[in-house]
Amino acid sequence: AQSVTQPDIHITVSEGASLELRCNYSYGATPYLFWYVQSPGQGLQLLLKYFSGDTLVQGIKGFEAEFKRSQSSFNLRKPSVHWSDAAEYFCAVVTGGGGGNKLTFGTGTQLKVEL
Amino acid sequence: EAGVAQSPRYKIIEKRQSVAFWCNPISGHATLYWYQQILGQGPKLLIQFQNNGVVDDSQLPKDRFSAERLKGVDSTLKIQPAKLEDSAVYLCASSLDPNSPLHFGNGTRLTVT
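These figures come from a predicted structure and were not determined experimentally.

Describing the overall build of chain B
- Looking only at helices and strands, chain B has 0 helices and 11 strands in total.
- Along its sequence from the N terminus, chain B presents helices and strands in the succession β-β-β-β-β-β-β-β-β-β-β.
- By the compact-globule yardstick of 13 Å for 113 residues, chain B fits well, its C-alpha radius of gyration being 13 Å.
- Each of the three principal axes of chain B carries a C-alpha extent, and together these read 35 × 25 × 25 Å.
- The burial tally for chain B puts 46% of its 113 residues in the buried class.
- Intrachain contacts of chain B at a sequence separation of at least 6 include 53% that bridge at least 24 residues.

What follows is the structure in structure tokens.
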């Protein structure tokens, strides 16, 4: 079955440092991939998505992600982290058939930013 | 535009009681989803509606969970009777159509004691 794996449960970075959050997917065809961010007590906000085309995808809040088919990965990056980026980040892949937009989420990575 | 509205924000009940959650999607969004997010896990799809019809409810525990979307707008999710393992955040999301990005509400945090 299609799935995503986020190997890092928690990550701590210093403010201003670069960030990379890992996501690996399992899917037979070209996947539709997403990164969402969830702040405490909030719903999920879409950061960026990959459907096809350019493998480097730009998102909101200065985030980007790169789709690498050879590694089955879709890692999220940010060159300089801000304290407000502290949140939980979820990678997701579209699964399912005729229903279209069924998202399967990873278990999430909790990001802590040290000042 | 107004976002996805959910109520209540928090609910505490005892096991075997019943509870209902309400969701008002973004105006014009035909597709509506209910997700369950257990602490430490990613959200899991419970049910997906297209207008007022069910598209996918394969992961809905139908012996205790029910959902409806009358008139293809608002939706309610009910649990009866609740179990301890139902403690979670219940997220509602909507999208313009099944292939458009999802917009999530802030969720309802349910605690079953």
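As for the pattern of salt bridges
- One pass over the structure, following the stated rule, counts 6 salt bridges over all chains.
- In this structure, the salt-bridge partner of D8 of chain A is R22 of chain A, at a minimum N-O distance of 2.9 Å. Of this pair, D8 of chain A sits in the loop between β1 (3–5) and β2 (10–14) while R22 of chain A sits in the loop between β3 (19–21) and β4 (24–26), and the two are 14 residues apart along the sequence.
- Here D8 of chain A falls in the buried class, since its relative accessible area comes to 18%.
- As a salt-bridge pair, D57 of chain B and K62 of chain B come within 3.7 Å of each other at their nearest N and O atoms.

Concerning the interface of chain B and chain A
- Across the contact, 23 residues belong to chain B and 17 residues belong to chain A.
- Regarding the contact of chain B and chain A, the summed buried area is about 1,500 Å², with carbon and sulfur atoms giving 52% of it.
- Across the contact surface, chain B and chain A share 0 salt bridges.
- Taken together, the connections running from chain B to chain A amount to 4 residue pairs in polar contact (both at pLDDT 80 or more).
- Here the element with the most residues in the side of chain B that touches chain A is strand β4 (residues 31–37) of chain B; it accounts for 3 residues.
- For the side of chain B that touches chain A, the class distribution of residues is 10 nonpolar, 11 polar and 2 charged.

Here's the deal with the pairing of strand β7 (residues 65–68) of chain B
All names here are of chain B.
- Bridge count for β7 against strand β8 (residues 75–79) is 4 bridges, and the pairing is antiparallel. Residue pairing in the sheet places F65 in a bridge with I79 of β8.
- The turn joining β7 and β8, which pair antiparallel and follow one another in sequence, is formed by 6 residues; a positive phi near 65 degrees is taken by K71.

Topic: the state of the cysteines
- Per the counting criterion, the structure on display carries 2 disulfides over all chains.
- The disulfide partner of C23 of chain A is C91 of chain A, and the gap between their sulfur atoms is 2.0 Å. Sign of the S-S torsion, about -65 degrees for the bond between C23 of chain A and C91 of chain A, identifies this disulfide as left-handed. Of this pair, C23 of chain A sits in the loop between β3 and β4 while C91 of chain A sits in strand β10 (residues 87–95), placing them 68 residues apart in sequence. Across the pair, C91 of chain A and C23 of chain A agree in class, each one buried.
- Disulfide partner of C23 of chain B: C92 of chain B, at an S-S distance of 1.9 Å. Of note, the bridge from C23 of chain B to C92 of chain B carries an S-S torsion of about -70 degrees and is left-handed in sense.

A few points about the sheet that holds β8 of chain B
Residue and element names in this part refer to chain B.
- With antiparallel pairing, 4 strands are arranged side by side in an open sheet as β1-β3-β8-β7. On the outer flanks of this sheet lie β1 (5–7) and β7, each paired with one strand and no other. Across the sheet, the axes of successive neighbouring strands diverge by a mean angle of 15 degrees, strand direction being ignored.
- Where strand β3 (residues 19–24) meets β8, 5 bridges bridge the pair, whose relative direction is antiparallel. Following the sheet pairing, F21 is matched in β8 by L77.

The rules behind these values
- Residues numbered from 1 in each chain as written.
- Chains lettered and ligands numbered in written order.
- Predicted model: local features only at pLDDT ≥ 70, side-chain atom pairs only at ≥ 80, totals over all residues.
- Heavy atoms only, no water.
- Helix = DSSP H or I, 4+ residues; strand = E, 2+ residues; numbered from the N terminus.
- Rg over C-alpha atoms; globule rule 2.2 N^0.38 Å.
- Buried < 20%, exposed > 50% of the residue type's maximum accessible area, 1.4 Å probe, protein only.
- Contact = heavy atoms within 4.5 Å.
- Salt bridge = Lys/Arg side-chain N within 4 Å of Asp/Glu carboxyl O.
- Buried area = accessible area lost by both parts, 1.4 Å probe.
- Polar contact = N/O pair within 3.5 Å; in protein donor to acceptor, adjacent residues only side chain to side chain.
- Nonpolar A, V, L, I, M, F, W, Y, C, P; charged D, E, K, R; others polar.
- Pairing = 2+ DSSP bridges.
- Disulfide = S-S within 2.5 Å.
- Axes fitted to C-alpha atoms, helices over the stretch in contact; angles between N-to-C directions.

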